[in-house]
Amino acid sequence: ELVVNNAGFGTSGAFVDLDRDAEADEVRLNVLALLRLTHAAVAAMQPRGHGSVINVSSLAGFQPAPFNATYAATKAFVNSFTQAVSEELRGTGVRLQLLCPGFTRTEFQEVAGVRTDDLPNIAWMSPEAVVEISLEALRKGELLVIPGGGNKVIGALFRVMPSVVARRLGAALLRHTLAQP
């Protein structure tokens, strides 16, 4: 009835300095596992004429993200893939949702090596709030869900901002958040 593809991890740092096997693992989990699970779920749901898949992406999927390049690229895949397959499923009773949260209070940033001590509390959402917003949007049949007012503004800006501006802004911000030894 409902599949939530939320498995994933991120890496941070200059791409050339990161372990290429870990980067490949990131692509396999964030992209290939999501693709396979979505396929399996949709293939089972479509004959029944109902069911939903929530693919968890990130605001990072809307912009090039220097020092977080592989993660952002995998989330850009999730964004494009989910929207395309959702259109293919129109009228079948099977729905997809693209959930793009911003900073959420989990261990994700710590594991990814991202410093967050300078981020204001207003930048954060609780996992419970993200889930509540996602499920309410799913009930309404919404495809693209960006939880939080500030995140909605950031997401809209990233989608209309020239790539060079987004890239340079992302580099400045992400360079600052890299964990210090």
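Fair warning: this is a prediction, and the values are worked out from it, not measured in the lab.

Conventions used here
Residues numbered from 1 in each chain as written. Predicted model: local features only at pLDDT ≥ 70, side-chain atom pairs only at ≥ 80, totals over all residues. Heavy atoms only, no water. Helix = DSSP H or I, 4+ residues; strand = E, 2+ residues; numbered from the N terminus. Contact = heavy atoms within 4.5 Å. Phe/Tyr/Trp six-rings, centres within 6.5 Å; stacked < 30°, edge-to-face > 60°. Lys NZ or Arg CZ within 6 Å of the ring centre and 35° of its normal. Buried < 20%, exposed > 50% of the residue type's maximum accessible area, 1.4 Å probe, protein only. Pairing = 2+ DSSP bridges. Right-handed = clockwise from strand over helix to strand, strands pointing away.

**Q** Teacher, can you tell me more about unusual backbone geometry here?
**A** Residues apart from glycine generally show negative phi values, whereas peptide bonds are mostly found in trans. Positive phi, normally seen in glycine, also occurs at F67, with a value near 75 degrees. For F67, the position within the fold is in the loop between β2 (51-56) and α2 (69-88).

**Q** Where do I start with the side chain of T74 in this structure?
**A** Along the chain, T74 turns up in helix α2. Beyond its immediate stretch of four places on either side in the chain, T74 contacts E26, V27, N30 and V31.

**Q** Looking at this model, I keep getting lost on the packing of aromatic side chains. Mind explaining?
**A** Aromatic ring pairs are reported here in terms of the distance separating the ring centres and the angle at which the planes meet. Tallying each qualifying case throughout the model produces one aromatic pair. Above the ring of F62, the side-chain terminus of R159 is found at 5.1 Å from the ring centroid.

**Q** Looking at this structure, how should I read the pairing of β2?
**A** Side chains on a regular strand alternate between the two faces of the sheet. Across the six residues of β2, six count as buried, placing the element largely inside the fold. When strand β1 (residues 2-5) meets β2, the two strands line up parallel, connected through four bridges. Across the sheet, the residue bridging to V4 is I54, located in β2. What joins β1 to β2 is helix α1 (residues 20-48), and the crossover it makes is right-handed. Of the strand pairs in this sheet, β2 and strand β3 (residues 94-99) are connected by six bridges, and their pairing is parallel. In the sheet register, N55 faces β3, and the bridge partner there is L98. You can see the chain leave β2, run along α2 and come back into β3, and the turn it takes is right-handed.

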